[in-house]
Every structure is written in structure tokens, then in C-alpha cells.
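# Structure assessment
Read off the chains here:
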Amino acid sequence: AKQANSGFTIWELMVVLMILAILGAVALPNLRPSMRREQLSAASLGIVSWLERVRNQAVKDMETCQISINASDASLAITSDSPGCSDLKIFNINDQENTPTDISLALSDSSDSDFSFSPRGSVNRDQEMELTMEGSPTTRCIKVVAPVGLVRSGIKRNDSCSYEKELND
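Residues numbered from 1 in each chain as written. Predicted model: local features only at pLDDT ≥ 70, side-chain atom pairs only at ≥ 80, totals over all residues. Heavy atoms only, no water.

### Some words on the environment of Ile 19
- With respect to the helices, strands and loops of the structure, Ile 19 is situated in helix α1 (residues 10–61).
- Considered as a pair, Ile 19 and Asp 109 are 90 residues apart in the sequence and their alpha carbons are 52 Å apart. (Helix = DSSP H or I, 4+ residues; strand = E, 2+ residues; numbered from the N terminus.)

Put into C-alpha cells, the structure is as follows:
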């Protein structure tokens, strides 16, 4: 009695691999904007987290923490003459792990490049920044709200930043 082979031939496997390669080639370009949007969102959350850490440190130490924003190299730092928060490191967006280097940081027209959190965690005026990335369909916004010093994250829609909770797109 002959035994029946119960496997696939090399030709059948090659056809399946070719179909998968074609499907992958079609799907991959459609995933890129989504991936860029998520990378921009992660960079935005990194800035928000850093700013909240600075605010909490100012309250904890009861010292003013002065921040300088450098839009040209997309970084935020504690100024050298700041009475508090001297142990916090510079936050450079492009140095973060798994973050592309083509993220741009810009201050809104009414924002200053230097501001400070008071020992109560407050700020004297609103600070607003925008993050953009080549290939990303969205612009992310970050705002430090005066006078309470709350840090909010949002998306730019219709030429203005929206800070509502449903910011998943």
C-alpha cells in the first residue's frame, strides 16, 4: 500500500508567499500616515509629562522653576539661573527613544520662549506650542494654562488648537 503525502509542494508555498508579499506592498504605504501620527502623539505626551514633572517639582520644593523653550532644536530645559528644578534634565524631542528626528516645535504667536512655574504650580500667562512632523496629517498642540499651570494636550483643527478629551485622531 502506498502512503499519501500530506504536505504542501514548494510551488504552493511560493504562490502563498507571493500573495502575502503583494498584500504587504499594498498595505504598507497606507500605514505610514497612521504611524507618523502615533509618533507625533508620543512626542507630545513626552513633553506634557516633562512639563508636569517640572510643575510638580516646583510645588514639592517650593521653588520657582524657570523653563526655556528652544524651538530651533526642539528642546525644553530648566534655565541655569532657575532657583529650583536644577536636577531635571533637558528634554530634547529628537533624543527620545523611537522618535524620528524630523519633529518640529513652534511657539504660538502669544507665547514666550521663557516661562516659569511658581512654588504653587501656577504660571503668569498661557504658553502654547505646536508639534509638526513631515508626513503626519495632524499637528499636536501643548498648552500650559494660566494661572493654574495645568498642562493640556490637543490637536490643531481648522487653524486653531482644540483641547477637548476626544483627541484620538
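### Points about the nonpolar core
- Ranked by size, the top nonpolar core spans 29 residues in total, and within it Leu 51 and Phe 117 carry the most contacts.
- With eight residues, α1 is the largest single contributor of residues to this core.
- Ignoring any residue separated from it by four or fewer positions in sequence, one finds Leu 51 in contact with Ile 67, Leu 76, Phe 115, Phe 117, Met 129, Ile 142, Val 144 and Val 151. (Core = buried A, V, L, I, M, F, W, Y, C linked by side-chain atoms within 4.5 Å. Buried < 20%, exposed > 50% of the residue type's maximum accessible area, 1.4 Å probe, protein only. Contact = heavy atoms within 4.5 Å.)

### Some points on the sheet that holds strand β5 (residues 114–117)
- Spatially, β3-β2-β1-β5 is the arrangement adopted by the four strands of the open sheet, whose pairing is antiparallel. A single partner strand is all that each edge strand has here, and the edge strands are β3 (91–92) and β5.
- Relative to β3, strand β2 (residues 75–78) runs antiparallel, the two sharing two bridges. Among the inter-strand pairings, Ser 75 is bridged to a residue of β3, identified as Asn 92.
- The sheet strands contacting α1 are β1 (65–70), β2, β3 and β5, and the helix crosses β2 at an angle near 10°. (Pairing = 2+ DSSP bridges. Axes fitted to C-alpha atoms, helices over the stretch in contact; angles between N-to-C directions.)

### Some words on the pairing of β2
- Residues Ser 75 and Ala 77 of β2 are buried on one face, and the alternating residues Leu 76 and Ile 78, pointing to the opposite face, are buried as well.
- Inspection of the sheet shows β1 paired to β2 by four bridges, in the antiparallel sense. Within the sheet, the bridge partner assigned to Asn 70 lies in β2 and is Ser 75.

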